[in-house]
Amino acid sequence: MKRVFALILALAMSMSLFACGQSGSKDDGQKKFKVAINHWGQANFFGRVGKEAMEDELTKLGCEIIPTVTDNTPDRMKAIENAIALGVDAIIVQEGDITEAETAILEAKQKGIIIGSMDSGTADYVDFYVTSDNPLLGKNTAEALVEKMGAKGRIIEIIDDSGSMTRKRRDAAHKVFDQYPDIEIAYSLVYSWPDYDADMMNQVSAVLAKEGDNISGVFAVFDGVGISAYKTIKEFGLQDKIFICGVDGDPDVYALMKADGENCNYICTMAQDPDTMARTCVRAVVDLLNGKTLDSKVEYIPCLLYTSPSPRDRSLS
C-alpha cells in the first residue's frame, strides 16, 4: 500500500510541472506566473478573437490572468502601471501602439517584467513581437482596388493613426496609389475608436451626398469601417459604382459577399489570423518566463486574400 501511495504522489508531482510556472519560489513550491494582458478595445473582430485566444492559452498553461481593455493611451498607461503594482511577471499588449505607453513599459522592464506585443508594434524593450506583414496587407489591398477600378478614379481612404499596424497599411497603400496618375485619394476619413460605425457612416454619407457619382473606391484599414462604408454606399444605391477593400477577414464581410454574390462591391479582405497570433505570443512569453531562449524576437503570421463573389483564398506570407 505504501508503494502504491508513493507512486501516486510521484505522478501528481510530475503532472504539476506542466503548469505555467517554475520551481524555486520562496517556499520551494510551484510558482504560478501572473500575466497581464491589455487590449486596445473590443470593437473589432480581430481584437475580440485575440483576447479570447490569449485568455484560453494562458489558462491552459496554468497562468493567473489580469485582463484589461482600454481604448486610449492614458488608460493603457494606467492599466500597465496597475499591473506592475500587482506584481505581474509579464505584460502582453495587443493592438494600438506600444511605444505610446513607453514610460510605463520601461518601468515594467526595470522590474524585470517580460513584455509581449501582439500587433502593437515593437521597440528595443519588447521581448517578443507577433504580427502580420502589415505593409503587405496594405499593398495587396490597394493593388486589388486599383485593378478593380481600372487604374483610375477617386478614392475614399478610411484610416486612423493610433495603431502602428494601421499606419503601416496606409503607408504601403499610398505607395501603390502613387504609381497611378489617374488615381486620386480624394478624401481621408479618420474613424473614431471604438465607436466607429455610426461616426463612419455619417462621414461617408456626407461625402456621397456631396459627390457620390465621382467616387470609385474605398480603402479601409480594417473591415469594421469597410462594412460601415458598405452600408452607407448601399443606402445611396451606389454599390455598382464604388468598390471596397478591407483588412482582417471579418466573418461579417464573408456573409455580405455570400449574400450579394456577383453583385458584391466589397471585393476583397486581407484575412489575418488573430487566434494564431495570440497563442503564439502567449507561448513565447511563457517560454521566456521559464528561462528559455527564443529563436527570434519577431514572428510574422501568414495571411490570406479573400475575394468576392465566392470567397477564394491564397496564402500571403
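Just so we're clear, the structure is a prediction, and the values are computed from it rather than from any experiment.

Enquirer: Help me out: how do you make sense of the environment of Ala-206 in this one?
Expert: Tracing the backbone through its elements, the reader meets Ala-206 in helix α7 (residues 196-211). Spatially, the C-alpha atoms of Ala-206 and Thr-232 are 10.0 Å apart, while their sequence positions differ by 26 residues.

Enquirer: Could you clarify how one ought to interpret the packing of helix α8 (residues 223-235) against helix α9 (residues 251-260) in this entry?
Expert: In contact at an axis separation of 10 Å, α8 and α9 are set at 30° when each is read in the N-to-C sense. Residues Asp-223, Ile-227, Tyr-230 and Lys-234 of α8 lie in contact with α9, whose contacting residues are Asp-252, Val-253, Leu-256 and Asp-260. When its residues are assigned to classes, the contact of α8 with α9 shows four nonpolar, no polar and four charged.

Enquirer: Where do I start with the sheet that holds strand β4 (residues 114-118) in this structure?
Expert: By way of backbone hydrogen bonds, the strands of a sheet pair with one another, either parallel or antiparallel. Ordered by their spatial adjacency, six strands build an open sheet running β2-β1-β3-β4-β5-β11, and the pairing between neighbours is parallel. The sheet terminates laterally at β2 (64-70) and β11 (298-300), the two strands that pair on one side only. If you compare each strand with its neighbour and ignore which way they point, the axes differ by 15° on average. Both strand β1 (residues 34-40) and strand β3 (residues 90-94) contribute to a ladder of five bridges, which runs parallel. By the bridge assignment, Ala-36 is partnered in β3 with Ile-91.

Enquirer: Just checking my understanding: could you explain the packing of aromatic side chains for this structure?
Expert: Remark: the centre distance and the inter-plane angle together describe each pair of aromatic rings, the angle taken between the planes. One pass over the structure, following the stated rule, counts seven aromatic pairs. Relative to Trp-193, the ring of Tyr-191 lies with its centre 6.5 Å away and its plane at 70°, an arrangement referred to as edge-to-face. You'll find Tyr-191 and Trp-193 in the same group, each marked buried. On the numbers, 4.8 Å between centres and 45° between planes, the contact of Tyr-254 with Tyr-306 is tilted. Remark: Tyr-306 occurs in strand β12 (residues 303-307) and Tyr-254 occurs in helix α9; sequence separation between them is 52 residues. By relative accessible area, Tyr-254 is classed as partly exposed at 24%. Taken together, the ring pairs in this structure connect Tyr-191, Trp-193, Tyr-196 and Phe-222 into an aromatic cluster.

Enquirer: Hey, could you run me through empty space enclosed by the protein in this one?
Expert: Using the criterion set out here, one finds two cavities of 30 Å³ or more in the structure. Here the largest cavity is characterised by a volume of approximately 140 Å³. A per-element tally of the lining of the largest cavity places helix α6 (residues 164-177) first, with three residues. Classifying every residue of the lining of the largest cavity gives six nonpolar, five polar and five charged. Considering only enclosed or pocket space, the second largest cavity measures out at about 40 Å³ in volume. Taken together, Ala-36, Ile-37, Asn-38, Ile-66, Thr-68, Ala-79, Ile-80, Ala-83 and Ile-91 form the lining of the second largest cavity. Counting residues per element, the ones that place at least two in the lining of the second largest cavity are β1, β2 and α3 (73-85). Residues that form the lining of the second largest cavity fall into these classes: seven nonpolar, two polar and no charged.

Enquirer: Got a minute to help me understand the pairing of strand β8 (residues 217-220) in this structure?
Expert: Both faces of the sheet carry side chains from a regular strand, because those side chains alternate between them. Across the two faces of β8 the burial is the same, with Gly-217 and Phe-219 and Val-218 and Ala-220 all buried. Sheet analysis places strand β6 (residues 153-159) next to β8, joined by four bridges and oriented parallel. Note on β8: the bridge partner recorded for Ile-155 is Gly-217. Taken together, the three bridges between β8 and strand β9 (residues 243-248) define a ladder with parallel strand orientation. Directly across from Val-218, in β9, lies its bridge partner Ile-244. Read as a crossover between parallel neighbours, the route from β8 over α8 to β9 is right-handed.

Enquirer: Any chance you could explain unusual backbone geometry here in plain terms?
Expert: In terms of backbone geometry, most residues other than glycine have negative phi values and most peptide bonds are trans. Geometrically, the link from Trp-193 to Pro-194 is a cis peptide bond, its omega value of 10° lying close to zero. When you line up the elements, Pro-194 lands in the loop between β7 (183-190) and α7. Phi is positive for Glu-95, close to 60°, though the residue is something other than glycine. Looking at where Glu-95 falls in the secondary structure, it is placed in the loop between β3 and α4 (102-110).

Enquirer: In this structure, what is going on with α7? I would like to understand it.
Expert: The α-helix winds at 3.6 residues per turn, so residues separated by three or four positions along the chain end up facing the same way. Helix length check: α7, at 16 residues, gives a terminal C-alpha distance of 22 Å against a target of 22 Å (1.5 Å per residue), a fit within 8%. Against the buried residues of α7 lie β6, β7 and α8.

Scoring rules and cut-offs
- Residues numbered from 1 in each chain as written.
- Predicted model: local features only at pLDDT ≥ 70, side-chain atom pairs only at ≥ 80, totals over all residues.
- Heavy atoms only, no water.
- Helix = DSSP H or I, 4+ residues; strand = E, 2+ residues; numbered from the N terminus.
- Axes fitted to C-alpha atoms, helices over the stretch in contact; angles between N-to-C directions.
- Contact = heavy atoms within 4.5 Å.
- Nonpolar A, V, L, I, M, F, W, Y, C, P; charged D, E, K, R; others polar.
- Pairing = 2+ DSSP bridges.
- Phe/Tyr/Trp six-rings, centres within 6.5 Å; stacked < 30°, edge-to-face > 60°.
- Buried < 20%, exposed > 50% of the residue type's maximum accessible area, 1.4 Å probe, protein only.
- 1 Å grid on protein atoms, 1.4 Å probe; cavity = no way out; pocket = protein on both sides within 12 Å on 5 of 7 lines; lining within 4 Å.
- Points joined across faces, edges and corners; volume = space filled by probe spheres on them.
- Right-handed = clockwise from strand over helix to strand, strands pointing away.
- Expected span 1.5 Å × (residues − 1).

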